[in-house]
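Chain by chain, the residues:
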Amino acid sequence: MSVVLRPAVPADLDALESLERRGFSGDRFNRRQLRYLLTRARAITLLAVPAEAGDADGAVPPEGRLLGYGTLLLRKGSQTARLYSLCVAPEARGDGVGRALLLALQQQARASGCSGMSLEVRADNRVALGLYRRAGFRLDAWLDEYYEDGCAAWKMILTLGESTGAPTQAGGAEGGQVVRQRTPRASATASATDSASVSSQEQTQDPTDPQHDAEEVGPQGASQAPLPVVD
C-alpha cells in the first residue's frame, strides 16, 4: 500500500472524527477538541492517506479513507515537543503507517527547533512500547492510574539527533493498536483530557481547553519539513 503523509487542515475535521470513532473504544477526542487542535493549538498534525487521485494533492479524504494521524504539540520557550496523539486505522495496522507518522513527526520537531520529544503510552501496550523503543524513545517515568480505565502509563523521552531520513517502505512489527497518550477529565492526579505530567502529582494544562495559557496557542505547523511518500 502506497501512503502519502500531509499536514491536516480544518476541512479534515469530519474524517478525523470518524477515525477517532473507528480507532479507539475509549479516551477519544471529541469534535471540539479536534477542531481546537486543527485551528488554535500550537501544534502540527499529519495525516496518512492513500496515494490515490484526490488524496495525494491535499483533498479531504472521504470517510474511511484516512489511514492514520499524529499530532505534535509545541510549547513556546521549550525545546521539547510532545507527541500528543498517534492513531492508526484498524485496517491499516501492520502496514508501517504508525512508524511513518512517528518518523515524520520527529522530522517536524527538528524543523521546529526542538531537541527532544516526549510522550505517554499505556503500560500494557507492548506493540506501542516496541514501536517507540525502536524509534529511540526510552522510559522516563511511571504514571499510576493514568487512563480512564485505571491503567498506568509510561512517560517516554527521545533526544533528537541528526535526521535519519524519511521512511521509504511501509511494513514492520506494528500489528496491534498504537494507543494515544490520554488522561481522562475525571482523573484526580493529572489535568484534563490528554495532558501529561512528569510525575503523578504534577499537573499541566489542557491545550484543548479555551482557558489554556497562551503559550500553547499559535499558528499550526509554522515550520513544516518536507513529507515522505511511503511505498
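Residues numbered from 1 in each chain as written. Predicted model: local features only at pLDDT ≥ 70, side-chain atom pairs only at ≥ 80, totals over all residues. Heavy atoms only, no water.

A. Highlighting the overall build of the chain. Scanning the chain from terminus to terminus reveals 4 helices and 8 strands. Going residue by residue from the N terminus, the α and β elements of the chain occur as β-α-α-β-β-β-α-β-α-β-β-β. The buried share of the chain, taken over its 231 residues, is 53%. The contacts of the chain with a sequence gap of at least 6 include a subset with a gap of at least 24, amounting to 72%. For the chain, the accessible surface area stands at approximately 9,700 Å², while carbon and sulfur atoms represent 49% of it. (Helix = DSSP H or I, 4+ residues; strand = E, 2+ residues; numbered from the N terminus. Buried < 20%, exposed > 50% of the residue type's maximum accessible area, 1.4 Å probe, protein only. Contact = heavy atoms within 4.5 Å. Areas by Shrake-Rupley, 256 points an atom, 1.4 Å probe, with all protein chains shown as cover.)

B. Examining the pairing of strand 5 (residues 116–122) more closely. Extensive coverage of strand 5 is indicated by the burial of 7 of its 7 residues. Across 3 bridges, strand 4 (residues 80–88) lies against strand 5 in parallel orientation. Paired with Ala-81 across the strands is Met-117, a residue of strand 5. Handedness of the crossover is the feature at issue here: the chain leaves strand 4, passes through helix 3 (residues 97–111), returns alongside strand 5, and the resulting connection is right-handed. (Pairing = 2+ DSSP bridges. Right-handed = clockwise from strand over helix to strand, strands pointing away.)

C. Looking closely at the packing of aromatic side chains. Taken as a whole, this structure holds 4 aromatic pairs when the rule is applied. Here Trp-142 and Trp-154 contribute two aromatic rings whose centre-to-centre distance is 4.9 Å and whose plane-to-plane angle is 80°, an arrangement assigned as edge-to-face. Linking Trp-142 in strand 6 (residues 138–143) with Trp-154 in strand 7 (residues 153–159), this pair joins segments that are 12 residues apart in sequence. Its end group placed over the ring of Tyr-147, Arg-122 keeps NZ or CZ at 5.2 Å from the ring centre. (Phe/Tyr/Trp six-rings, centres within 6.5 Å; stacked < 30°, edge-to-face > 60°. Lys NZ or Arg CZ within 6 Å of the ring centre and 35° of its normal.)

D. Summary view of the environment of Leu-102. Structurally, Leu-102 can be placed in helix 3. Judged by its relative accessible area of 1%, Leu-102 falls in the buried class. Distance from Leu-102 to Leu-131, taken between C-alpha atoms, is 9.0 Å for residues 29 residues apart in sequence. Leave out the neighbours within four places in its chain, and Leu-102 touches Leu-83, Leu-131, Tyr-132, Ala-135 and Phe-137.

E. Molecular detail of the confidence of the model for the chain. When pLDDT is averaged across the chain, the result is 74; 65% of the residues are at 70 or more. The weakest mean pLDDT in the chain belongs to strand 8 (residues 229–230) at 46; the strongest belongs to strand 7 at 97. (pLDDT = per-residue confidence, 0-100.)

F. Representation of the packing of helix 1 (residues 13–23) against helix 2 (residues 31–39) within the structure. Interaxial distance between helix 1 and helix 2 falls to 10 Å at its minimum, and their mutual angle equals 130°. When the axis of helix 1 is compared with that of helix 2, the two are oblique. Crossing handedness for the pair helix 1 and helix 2: right-handed. Between helix 1 and helix 2, the residues in contact are Leu-13, Asp-14, Leu-16, Glu-17 and Glu-20 and Arg-31, Leu-34, Arg-35 and Leu-38, respectively. (Axes fitted to C-alpha atoms, helices over the stretch in contact; angles between N-to-C directions. Parallel < 35°, antiparallel > 145°, perpendicular 65-115°, else oblique. Left-handed = near helix turned anticlockwise from the far one by under 90°.)

G. Quick peek at the nonpolar core. Ranked by internal contacts, the top residues of the largest apolar core, which has 55 residues, are Tyr-69, Leu-72, Met-117, Tyr-132 and Phe-137. Counting residues per element, this core draws most heavily on helix 3, which supplies 7 residues. Ignoring any residue separated from it by four or fewer positions in sequence, one finds Phe-137 in contact with Leu-102, Gln-106, Met-117, Ser-118, Leu-119, Tyr-132, Met-156, Ile-157 and Leu-158. In this structure, Leu-143, Tyr-146, Cys-151 and Ala-153 belong to the second largest nonpolar core, which totals 5 residues. (Core = buried A, V, L, I, M, F, W, Y, C linked by side-chain atoms within 4.5 Å.)

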